[in-house]
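Coordinate analysis (summary)
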Amino acid sequence: MAATFRGTTPEPPDVRPRLTVLSGPSGVGKSTVVAHMRKEHPEVWLSVSATTRKPRPGEKHGVQYFFVTDEEMDKLIANGELLEWAEFAGNRYGTPRAAVLERLEAGEPVLLEIDLQGARQVRESMADAQLVFLAPPSWEELVRRLTGRGTEPPEVIERRLDAAKIELAAEPEFDVTLVNTSVEDVARELLALVDVV
Ligand code: ADP
Ligand code: 5GP
């Protein structure tokens, strides 16, 4: 089944926003969709966040995240080096400001994959940012994906599902919703939104 825009398909704005935020509950498939899109379009620049979370097997420093200590995160925040940051399910995550601003100043599209609290901060500081919400086909499917990924112990999954209820309720705050039924379809729709030619 094709991924669908929920509600009416939005009219393209007169001037394309250059910064796109992809958000949605943990386990919905954000990383999978972005990785699929970037495999075919490596020119899409994705901001690499800093996090105090420990790496999952296969994750590399500087690729999925900059893995930092609590003290290093404290410094990044105190020095104003993060465009936004949030605590999510017991860890802190933040977007390094300088790299994002460099890309935007060069007129290049920027993609952030961040949580709801971060998306709200970006909306406050960058009014023309485009906020995209990735929704699961159903609650049961979200639980299945988060559990099936097998990367978190049950108590962390519970925390993430609690957060997911709050994130799902915030969908109307976003400019566009994509339903992640098919990775291929959503990756194509996201590419069109990011607008890389
Ligand atoms: P997120 O980055 O949003 O936390 P992930 O990209 O890690 O989520 O995906 C969570 C799990 O769901 C992974 O095991 C992934 O393979 C699976 N998944 C992602 N998209 C789909 C999809 N469209 N259909 C079925 N499974 C999916
Ligand atoms: P995970 O631990 O599964 O990689 O990410 C957990 C949540 O943190 C996800 O919703 C992810 O989008 C979000 N996240 C990742 N990087 C950032 C960031 O820089 N800022 C914010 N606010 N959230 C982030």
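Only a predicted model underlies this, so the values are computations on that prediction, with no experimental measurement involved.

Let's talk about the site of ligand 1
With respect to spatial proximity, 13 residues lie near ligand 1, and among them G27, K30, S31, T32 and R149 are the closest. Interatomic distance of 2.8 Å between a backbone N/O atom of K30 and an oxygen atom of ligand 1. When the free accessible area of ligand 1 is taken as 560 Å², the share hidden by the protein chains comes to 75%. For the shell around ligand 1, the elements supplying multiple residues, two or more each, are α1 (30-40) and α5 (139-149). In terms of residue count, the dominant contributor to the shell around ligand 1 is α1 (three residues).

Examining the sheet that holds strand β3 (residues 65-67)
In spatial order, the strands read β3-β2-β5-β4; together these four strands make up an open sheet with mixed pairing. Of all the strands in the sheet, the pair left with one neighbour each is β3 and β4 (82-88). Strand-to-strand twist of the sheet, defined as the mean angle between neighbouring strand axes without regard to direction, takes the value 25°. As judged from the six bridges shared by β4 and strand β5 (residues 91-96), these two strands associate in the antiparallel manner. Counted as the bridge partner of E84 is T95 from β5. Along the sheet, helix α2 (residues 70-78) makes contact with β2 (49-51), β3, β4 and β5, crossing β5 at roughly 45°.

A closer look at the site of ligand 2
Residues in contact with ligand 2 amount to 16 residues; listed here are only the nearest, S49, R53, Y65, E84 and Y93. Between a nitrogen atom of ligand 2 and a side-chain N or O atom of E84, the distance comes to 2.7 Å. In the model, an oxygen atom of ligand 2 is placed 3.4 Å from a nitrogen or oxygen of the T95 side chain. Within the complex, 96% of the 510 Å² of free accessible area of ligand 2 lies under protein. Taken together, the residues of the shell around ligand 2 break down into five nonpolar, four polar and seven charged.

Quick look at the packing of α1 against helix α7 (residues 183-194)
Closest axis-to-axis distance for the α1/α7 pair is 9 Å, and the angle between their directions is 70°. Compared by their axis directions, α1 and α7 come out roughly perpendicular. For the pair α1 and α7, the sense of crossing is right-handed. For the pair formed by α1 and α7, the contact residues are T32, V33, V34, H36 and M37 on the first element and V183, E184, V186, A187, L190 and L191 on the second.

Conventions adopted
Positions within a chain are numbered from 1, following the residues in the order the chain's sequence is written. Here every chain gets a letter starting at A, and every ligand a number starting at 1, in the order they are written. Reporting in this predicted model follows two pLDDT cut-offs: at least 70 for local features of residues, and 80 or more for side-chain atom pairs to be given and counted; totals over whole chains, interfaces and linings ignore these cut-offs and use all residues. Calculated side-chain values reflect all of the structure's heavy atoms, with hydrogen atoms and water omitted. In these notes, residues near a molecule or strand are those with any non-hydrogen atom within 4 Å of it. For this analysis, a polar contact is any N or O atom pair within 3.5 Å, provided that within protein one partner can donate a hydrogen and the other can accept it, and provided that sequence-adjacent residues contribute only side-chain to side-chain pairs. Computed with a 1.4 Å probe, the accessible areas rest on the Shrake-Rupley method; for each residue, only the protein chains presented here act as cover. Only DSSP runs of H or I covering at least 4 residues are called helices, and only runs of E covering at least 2 are called strands; the numbering of each starts at the N terminus. DSSP calls a pair of strands paired once it identifies at least 2 bridges connecting them. Axis geometry follows a simple rule: fit a line to the C-alpha atoms, using only the stretch in contact for helices, then measure angles between N-to-C directions, giving values from 0 to 180 degrees. Any two residues having at least one pair of non-hydrogen atoms within 4.5 Å are treated as being in contact. Residues are sorted three ways: Asp, Glu, Lys and Arg are charged, Ala, Val, Leu, Ile, Met, Phe, Trp, Tyr, Cys and Pro are nonpolar, and all the rest, Gly among them, are polar. By definition in this entry, angles of less than 35 degrees are roughly parallel, angles greater than 145 are roughly antiparallel, angles of 65 to 115 are roughly perpendicular, and the rest are oblique. Handedness of each helix crossing follows the sense of rotation of the near helix against the far helix: counterclockwise by less than a right angle gives left-handed, clockwise gives right-handed.

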